[in-house]
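Here are the chains, one letter per residue:
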Amino acid sequence: MIDVDLTSMIDVVFQLIIFFMFTSQFGELRRTEIDLPHQPGDQIEARQEPAMIIDLTNEGAYLVESIETTLSEIERLARSGVLGQNPQDPFDVLIRPDRNASAVHLDRLLMKLANTGVQRWKLATVNPGGGQ
Amino acid sequence: MSRTGSKSKRRSARLGALPLTSMIDVVFLLLIFFLVTANFAQDEHKLPATVQTEGGGVRSSDLQPQVIQIKMQGDQPIFVMGEVAVGDRASLESVLKNLPKDPGVAIKSDPEVPISAIALALQAARNAGFDKRSYVPSDGQ
């Protein structure tokens, strides 16, 4: 009868689990740290991931995938997203703003997005209190 | 006496045979596993809305009865709906609850208003039962 060394086997299995967990969580870890508005948000929100995530810093800089991006580049990206959308799943944008940033920066961004045909957007919030 | 002594010797011999290096290895792996799976980041929520431009077929006057205009009064934002001006979410919600829900609500803000005030208005509209919530960005430079 073959004597299987269980300790080494568990060791290798855990290594594999940790590897796969790290690689699958990588997308989440790339989020920029931003002081989001404190609101409970929509409790019955769709689980569907937004097609595009734009971070808006307190200084008015726009970040896509944590890289500072100009409004014209965002407009180009959104336009190609809108052109490629299917009717069942319209292109939507998640905006993660710093809560102290001025509305003027959000307005400029939304004007550009509206020009490309984006109609739906979501504002990211956090609920530090946990209540409604 | 001699029997007890031989028993304890046998036990320590068995304990000594435990592969401690591998055991510590597995314990550390378990520790790393739980650290990786623990979620330290705050859960993010979303407030859905649509975007409307005033040049896009909807004039400000069309929306007038159901427009929340956010302005600054000193360093505090205020929410103006026609003749009514309120300063907090609870008051805004109670004003919005008395309005018809079908036409939806539009939110406009002055350029210097912090985005937290826009989030507050969207949240109040959502809590008051408005499914159609739109934000009208100002095109003023």
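What counts as what
Residues numbered from 1 in each chain as written. Chains lettered and ligands numbered in written order. Predicted model: local features only at pLDDT ≥ 70, side-chain atom pairs only at ≥ 80, totals over all residues. Buried ≥ 20, exposed ≤ 12 C-beta atoms within 10 Å, placed from the backbone. Helix = DSSP H or I, 4+ residues; strand = E, 2+ residues; numbered from the N terminus. Pairing = 2+ DSSP bridges. Right-handed = clockwise from strand over helix to strand, strands pointing away. Contact = placed C-beta atoms within 7 Å. Nonpolar A, V, L, I, M, F, W, Y, C, P; charged D, E, K, R; others polar. Expected span 1.5 Å × (residues − 1). Core = buried A, V, L, I, M, F, W, Y, C linked by C-beta atoms within 7 Å.

### Points about the pairing of strand β5 (residues 120-126) of chain A
Residues and elements named next belong to chain A.
No. 1: Among the seven residues of β5, six are classified as buried, and the element is accordingly described as predominantly covered.
No. 2: One ladder, built from four bridges, connects strand β4 (residues 92-97) with β5; its direction is parallel. Directly across from Leu94, in β5, lies its bridge partner Lys122.
No. 3: Between the parallel pair β4 and β5, the chain is carried across by helix α4 (residues 103-116), and the sense of this crossover is right-handed.

### Here's the deal with the interface of chain B and chain A
No. 1: Listed per partner, the contact involves 38 residues of chain B and 41 residues of chain A.
No. 2: Every element with two or more residues in the side of chain B that touches chain A is listed here: α2 (20-37), β1 (44-51) and α5 (115-127) of chain B.
No. 3: When its residues are assigned to classes, the side of chain B that touches chain A shows 20 nonpolar, 11 polar and seven charged.
No. 4: Both β5 of chain A and β1 of chain B contribute to a ladder of seven bridges, which runs antiparallel. Of the residues in β1 of chain B, the one forming a bridge with Ala124 of chain A is Lys46 of chain B.

### Remarks on α5 of chain B
Residue and element names in this part refer to chain B.
No. 1: Look at α5: 18 Å from first C-alpha to last across 13 residues, which is about the 18 Å you get at 1.5 Å a residue.
No. 2: A large share of α5 lies buried, amounting to 11 of its 13 residues.
No. 3: Within the sequence span of α5, burial applies to Ile115, Ala117, Ile118, Ala119, Leu120, Ala121, Leu122, Gln123, Ala124, Ala125 and Arg126.
No. 4: Positive backbone phi, approximately 105°, marks Gly129, located one or two places after α5.

### A short note on the nonpolar core
Residue and element names in this part refer to chain B.
No. 1: In terms of nonpolar packing, the biggest core is built from 44 residues, with Ile107, Ile118, Ala121 and Leu122 touching the most fellow members.
No. 2: In terms of residue count, the dominant contributor to this core is α5 (nine residues).
No. 3: Residues within four places of Ala121 in sequence aside, it is in contact with Ile68, Ile70, Phe79, Leu92 and Ile107.

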